[in-house]
There are 2 protein chains.
Amino acid sequence: MLTPVILCGGSGTRLWPLSRKGYPKQFVPLTGQESLFQATARRLSGPPFRPPLVVTAADFRFIAAGQLAEAGVTPGAILIEPEPRNTGPAVLAAALHALSGDPDALLLVAPSDHVIGRPAAFRAAVEAGIAAARAGRIVTFGAVPDRAETGYGWLEPAEAAGDAGHPAAVPLRRFVEKPRAALAAELLAGGRHLWNMGIFLARADALVAAFDSLAPDLGPPLRASLAGATRDLDFLRLASAPWGQVRAVSFDYAVMEQAADVAVVRCDAGWSDLGDWEAVAREVAAPRAGVTAIDCDEATLLRADGPGLHVVGLGLRGIVAVAMPDAVLVADRARAQDVRLAVERLRERGVAQADALPRVHRPWGWYETLVAGERFQVKRILVAPGGILSLQSHVHRAEHWVVVTGTVRVTIGDRTDLLTENQSAYIPLGTVHRLENPGRVPAVLIEVQTGAYLAEDDIRRFEDAYARGSGE
Amino acid sequence: MLTPVILCGGSGTRLWPLSRKGYPKQFVPLTGQESLFQATARRLSGPPFRPPLVVTAADFRFIAAGQLAEAGVTPGAILIEPEPRNTGPAVLAAALHALSGDPDALLLVAPSDHVIGRPAAFRAAVEAGIAAARAGRIVTFGAVPDRAETGYGWLEPAEAAGDAGHPAAVPLRRFVEKPRAALAAELLAGGRHLWNMGIFLARADALVAAFDSLAPDLGPPLRASLAGATRDLDFLRLASAPWGQVRAVSFDYAVMEQAADVAVVRCDAGWSDLGDWEAVAREVAAPRAGVTAIDCDEATLLRADGPGLHVVGLGLRGIVAVAMPDAVLVADRARAQDVRLAVERLRERGVAQADALPRVHRPWGWYETLVAGERFQVKRILVAPGGILSLQSHVHRAEHWVVVTGTVRVTIGDRTDLLTENQSAYIPLGTVHRLENPGRVPAVLIEVQTGAYLAEDDIRRFEDAYARGSGE
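Rules of the game
- Residues numbered from 1 in each chain as written.
- Chains lettered and ligands numbered in written order.
- Predicted model: local features only at pLDDT ≥ 70, side-chain atom pairs only at ≥ 80, totals over all residues.
- Heavy atoms only, no water.
- Helix = DSSP H or I, 4+ residues; strand = E, 2+ residues; numbered from the N terminus.
- Rg over C-alpha atoms; globule rule 2.2 N^0.38 Å.
- Buried < 20%, exposed > 50% of the residue type's maximum accessible area, 1.4 Å probe, protein only.
- Areas by Shrake-Rupley, 256 points an atom, 1.4 Å probe, with all protein chains shown as cover.
- Contact = heavy atoms within 4.5 Å.
- Buried area = accessible area lost by both parts, 1.4 Å probe.
- Salt bridge = Lys/Arg side-chain N within 4 Å of Asp/Glu carboxyl O.
- Polar contact = N/O pair within 3.5 Å; in protein donor to acceptor, adjacent residues only side chain to side chain.
- Nonpolar A, V, L, I, M, F, W, Y, C, P; charged D, E, K, R; others polar.
- Domains from an automatic or database assignment.
- pLDDT = per-residue confidence, 0-100.
- Least-squares fit on C-alpha atoms with pLDDT ≥ 70 in both.
- Pairing = 2+ DSSP bridges.
- Axes fitted to C-alpha atoms, helices over the stretch in contact; angles between N-to-C directions.
- Parallel < 35°, antiparallel > 145°, perpendicular 65-115°, else oblique.
- Left-handed = near helix turned anticlockwise from the far one by under 90°.
- Core = buried A, V, L, I, M, F, W, Y, C linked by side-chain atoms within 4.5 Å.
- Phe/Tyr/Trp six-rings, centres within 6.5 Å; stacked < 30°, edge-to-face > 60°.

(A) Focus on the overall build of chain A. Secondary structure assignment for chain A yields 11 helices and 29 strands. Radius of gyration (C-alpha) of chain A: 24 Å, near the 23 Å computed for a compact globule of 472 residues. Counting only C-alpha atoms and orienting by the principal axes, one finds that chain A spans roughly 75 × 60 × 40 Å. For chain A, buried positions account for 53% of its 472 residues. Surface accessibility of chain A: about 19000 Å² in total, with carbon and sulfur atoms responsible for 51%.

So, in structure tokens, the structure goes:
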């Protein structure tokens, strides 16, 4: 039995505007209906996999939990990192946690922001690594390169690491850091090197031992953070104070590049990390809905991500254009890596779209602003089945609710009513109120707010089912 | 005294997505707060100008009237063409109408979809043409060319037509149809030719005589159409049956290119017809709001036309990107002329954005759909002061109204109430209702519709203040 460890705390900006700080790439349905995180969780579910250990950031905990539920995956645990510390501490925390439940735990550690085109080949590679991992080695996986990529690290096996049909774990001779173009061309031509997929298989105790030997400063604060961890609903929240002492370091740098006994399995599974729009354009068939391309070349990527949005490309050569209702990126495809610079520029200019999406996810569902005017704002609100908004009041605004789908239980002052499609409620300024969905289908409401001050911070919470801090 | 004749019935698509069939270029605030039509009306108001004669299409009558009111211009008349027939019939109708009120009327005929950068120079040119026009000649105006433009017709004066400081009317030797590149270069190099601005000055009786002599088939049906015209609110609606017999023909083709006695005045007034995005990029400083350009060249035009919308350009060379909340154009600037082909493609594909804008203008104000879901739709509605929606009912939908600004009078069944900010009303399915703004400021409402069928054609009208046909 294998325990998947899924890392989903990262927050990249190179796929802006689709991926934003508050809702990053791994949670976005980039390739279809499902997010990359959901695809990863499903790929690593069912025998021989146990329920996954998920490690994420506090900001993403409700997104991760919600997406797992939607994908039908029940996690073994969701570990919350109080602050980002790169992948090293996340892996060590997961290994220590797994070890506490099973001294023989075997972990398959994977990020959640990549695609694997051929899952059967991936699974065969994992299986080929089990014996070596059982024997105490750290087994890494190497994708078969098809170009002289300078954006990935490369792996040099000590001998041929199996072939597509018969993967086998062989010793790893060395890691090659992201190479320059000439070296990458050489590595590709040599035919032996593989791309580092950032996925690996190992016994939890072997991982902990490797950390204790190669990065001994991480263990003490991490163990303290885990010992002081608190249960928070379905989450295990690592203790902040010791976590704050933990050094930020990648797992590759802290352990893999120094470990003596690393094995590698060749994995010809159509892997891509979708690191930027160039990679997305290369790997993913663009959705055709909402797009009209006229005399555009094959290197051009056009996307319309939003209902009722249409993008027209005319005579384009190697252009990436990604449109959302609140933000549009138009870039030379060769500049795909620099999209993060564009996002930094937006932040400097105070443009909200740099980090925030129109739809804001909450533990009970989500809301999005449809229109904001002077003294009024209109939101669409979805309350998931079982979702309960906090008992709250506002000093500066009144609210009208109109139910358009499903059924909600509405508390206004001392009174509680069930409202269903086509019914409405009025919440006068200052009145304590609460909204819940007692039903089995999502409830959708339109909320019209009126008042002189309509920001989110005009909220006084009396009770909250989700133990949230202020501003959450 | 001069009577301006402003032609605003055209409907181009080369500035899509900003200009669409239902709300074309001349009515769009392309260069600032004001539309090109409004700028034209204001440029041609005040002494020596009389109130303008406006000729437009039925579809645009409320837009034209509303924009004139907004610009503070009171028209002499607004003539409604039952169907588009190009500029020739529009000019003849205006001339006949003017003549009926004043046998000595002197007309300055102008389209409404161009810019004039130096209005004083334009006015000086107009004044320089008055004597020749009074004497019975048709006076045309020629812009000073600064490039070998193949998209315009050119004018060849018989002698030097004045200079920038001292424009003078001189005989026109000939029209040059849109030339090929080589000829255009020759015309430019020669230094004598001018661009045809499509603006001209003439006595109404001279125009009518020219039509009767050069395009004699137009007069009879046009006179019948004018004789049968009906007053419709502030509009003079030409009779449809005879208008249907009128040949579609441009004024240049029907009259100007054949007329014997045409004069031309050199007009160095910074004119451009803004015929496509290439011209807009050349002539108009792009608004910077909502745009971030990184390493884009000067030939790149980025526009964000919509509140809360941001466009990022990265590493672009000669790209036009125009974003609206429902539609985005990304085009090679050299392909600007082909935007109309793109719009045709969208029409073939049945994409609503080809012709329709999210905001729909009505005589009483406007509405726009904020979100449309299964079984519900949310609209923002603005009712102008004095605006009255028709007395109506719906078979398939119920409506909730929440007033967010201003005051409205609401009739639901037998009951009439005044609702102001923060009050709401519910209109059950099938109930006769009406909405009016009795106040002095615009009223804004949020309407939430619920029901199985939510299209605009589920409406039964009992009374309408604006004499509208079905679907208007």
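After presenting the structure, the write-up continues.
(B) Representation of unusual backbone geometry within the structure. With an omega of 5 degrees, the peptide bond running from tryptophan 16 of chain A to proline 17 of chain A counts as cis. Mapped onto the elements, proline 17 of chain A comes out in the loop between strand E1 (3–7) and helix H1 (36–43).

(C) Spotlight on the interface of chain B and chain A. Listed by partner, the interface residues are 58 residues for chain B and 58 residues for chain A. The junction of chain B with chain A conceals about 4400 Å² of combined surface from both sides, 62% of it contributed by carbon and sulfur atoms. It is His310, Leu314 and Val330 of chain B in chain B that bury the most area against chain A; as a group they hold 15% of the surface buried on that side. Of the charged contacts, one joins glutamate 421 of chain A and arginine 375 of chain B as a salt bridge, the two residues approaching to 3.3 Å between their closest N and O atoms. The interface formed by chain B and chain A holds 28 residue pairs in polar contact (both at pLDDT 80 or more) in total. Considering only residue class, the side of chain B that touches chain A consists of 35 nonpolar, 12 polar and 11 charged.

(D) Region of interest: the domain arrangement of chain A. Residues and elements named next belong to chain A. Domain annotation for chain A reports domain 1 (3–272), domain 2 (283–350) and domain 3 (359–463). For domain 1 and domain 2, the distance between their C-alpha centroids amounts to 30 Å. Taken over both partners, the interface formed by domain 1 and domain 2 buries close to 1300 Å², and the fraction arising from carbon and sulfur atoms is 62%. Between domain 1 and domain 2 we count 1 salt bridge in total. The closest approach of N and O atoms between aspartate 326 and arginine 20, which form a salt bridge, is 2.8 Å.

(E) Representation of the pattern of salt bridges in the model. Residues and elements named next belong to chain B. Overall, the coordinates contain 62 salt bridges over all chains when judged by the stated rule. Notably, a salt bridge pairs aspartate 268 with arginine 118, separated by 3.2 Å at the nearest N-O pair. Here the residue aspartate 268 occupies a position in the loop between strand E12 (262–267) and strand E13 (271–272), and arginine 118 occupies one in the loop between strand E5 (115–116) and helix H4 (119–134), the gap between them amounting to 150 residues. The class for arginine 118 is partly exposed, based on a relative accessible area of 42%.

(F) Highlighting the confidence of the model for chain A. Looking at chain A as a whole, its pLDDT mean stands at 92, while 99% of the residues score no less than 70. Here the predicted complex scores 0.89 on pTM and 0.88 on ipTM.

(G) Representation of the relation of the copies chain B and chain A. Superposing chain B onto chain A requires a rotation of 180 degrees together with a translation of 0.0 Å along the rotation axis, leaving an RMSD of 0.2 Å. As the rotation angle and translation indicate, the two copies are arranged about a two-fold axis. Closest approach to the rotation axis within chain B is made by the C-alpha atom of proline 325 of chain B, at a distance of 2.6 Å. Interface overlap between copies is the fraction of interface residues in one copy that are interface residues in the other; for chain B against chain A it reaches 100%, indicating a shared surface.

(H) Region of the structure containing the pairing of strand E16 (residues 310–314) of chain A. Of all 5 residues in E16 of chain A, 5 are buried, a share of seventy percent or more. Burial along E16 of chain A is two-sided: His310, Val312 and Leu314 of chain A facing one way and Val311 and Gly313 of chain A facing the other are all buried. Two elements, strand E14 (residues 291–294) of chain A and E16 of chain A, share 4 bridges in a ladder whose sense is parallel. By the bridge assignment, valine 291 of chain A is partnered in E16 of chain A with valine 311 of chain A. Relative to strand E18 (residues 327–332) of chain B, E16 of chain A runs parallel, the two sharing 5 bridges. Bridge pairing in E18 of chain B links histidine 310 of chain A to alanine 327 of chain B.

(I) Spatial organisation of the packing of H1 of chain A against helix H2 (residues 61–71) of chain A. Residue and element names in this part refer to chain A. Relative orientation of the contacting elements H1 and H2 amounts to 55 degrees, with a least axis distance of 10 Å. Between H1 and H2, the angle is such that the two are oblique. When the axes of H1 and H2 are compared, the crossing they make is right-handed. Contact residues: Phe37, Gln38, Ala41 and Arg42 in H1; Ala64, Gln67, Leu68, Glu70 and Ala71 in H2. Grouping the amino acids of the contact of H1 with H2 by side-chain chemistry returns 5 nonpolar, 2 polar and 2 charged.

(J) Molecular detail of the side chain of serine 393 of chain B. Summarising the element assignment, serine 393 of chain B is placed in strand E22 (residues 391–393). Dropping the residues within four chain positions of it, serine 393 of chain B is found in contact with Gly430, Thr431, Val432, His433, Asp458, Ile459, Arg460 and Phe462 of chain B.

(K) Seen up close, helix H1 (residues 36–43) of chain B. Residue and element names in this part refer to chain B. For H1, a buried count of 6 out of 8 residues is recorded, marking the element as mostly surrounded by other parts of the structure. For H1, the set of buried residues is Leu36, Phe37, Gln38, Thr40, Ala41 and Arg43. Buried-residue contacts for H1 involve strand E1 (3–7), strand E2 (53–57), helix H2 (61–71), strand E4 (106–111), E5 and H4.

(L) Seen up close, the nonpolar core. Judged by nonpolar contacts, the single largest core of 92 residues is most densely connected at Leu108, Phe122, Phe141, Met197, Leu201 and Trp277 of chain B. The contacts of tryptophan 277 of chain B, once residues within four sequence positions are left out, are Arg14, Leu15, Trp16, Leu18, Leu30, Leu301, Arg303, Val320, Val322, Leu329, Ala336 and Val339 of chain B.

(M) Fine view of the sheet that holds E14 of chain A. Pairing within the open sheet is mixed, and its 5 strands lie in the order E14(A)-E16(A)-E18(B)-E17(B)-E15(B). For this open sheet the edge positions go to E14 of chain A together with strand E15 (301–304) of chain B, each flanked by a neighbour on one side alone. The sheet shows a mean angle of 5 degrees between the axes of neighbouring strands, direction not considered. Helix-sheet contacts for helix H11 (residues 339–348) of chain B involve E14 and E16 of chain A together with E18 of chain B, and the interaxial angle to E14 of chain A is about 135 degrees.

(N) Just the sheet that holds strand E23 (residues 397–405) of chain A, in detail. Residues and elements named next belong to chain A. Spatial strand order, E19-E20-E21-E28-E23-E26: 6 strands in an open sheet with antiparallel pairing. Edge positions in the sheet fall to strand E19 (359–362) and strand E26 (424–427), since each has one partner strand and no second. Along the sheet, successive strands turn relative to each other by an average axial angle of 20 degrees, direction set aside. The pairing of strand E21 (residues 376–383) with strand E28 (residues 443–451) spans 8 bridges and is classified as antiparallel. Residue lysine 379 lies in a different strand from E28, and its bridge partner there is glutamate 447.

(O) Region of interest: the packing of helix H3 (residues 87–101) of chain B against helix H7 (residues 219–227) of chain B. All names here are of chain B. One way to put it is that H3 packs onto H7 with a least axis distance of 10 Å and a crossing angle of 55 degrees. Classed by the angle they form, the pair H3 and H7 counts as oblique. When the axes of H3 and H7 are compared, the crossing they make is right-handed. Along the contact surface, H3 presents Pro89, Leu92, Ala93, Leu96 and His97, while H7 presents Gly219, Leu222, Arg223 and Leu226. A per-class count over the contact of H3 with H7 returns 6 nonpolar, 2 polar and 1 charged.

(P) Inspection of the packing of aromatic side chains at higher detail. Residue and element names in this part refer to chain A. Evaluation of the coordinates by the stated rule reveals 21 aromatic pairs over all chains. Consider the rings of tyrosine 23 and phenylalanine 27, whose centres lie 6.3 Å apart with planes at 50 degrees: the pair is tilted. Pair check on accessibility: tyrosine 23 and phenylalanine 27 agree, each one buried. Aromatic pair phenylalanine 27 and phenylalanine 37: ring centres 5.3 Å apart, planes at 70 degrees, arrangement edge-to-face. Separated by 10 residues along the polypeptide, phenylalanine 27 in the loop between E1 and H1 and phenylalanine 37 in helix H1 bring together distant segments of the chain. Pair check on accessibility: phenylalanine 27 and phenylalanine 37 agree, each one buried.

(Q) The environment of alanine 304 of chain B, seen in detail. Residues and elements named next belong to chain B. As for its position among the elements, alanine 304 is in strand E15. Taking relative accessible area as the criterion, alanine 304 reaches 13% and is therefore assigned buried. Sequence separation between alanine 304 and valine 291 is 13 residues; the distance between their C-alpha atoms is 6.3 Å. Not counting chain neighbours up to four residues away, the residues in contact with alanine 304 comprise Ala289, Gly290, Val291, Leu309, Val311 and Ala323.

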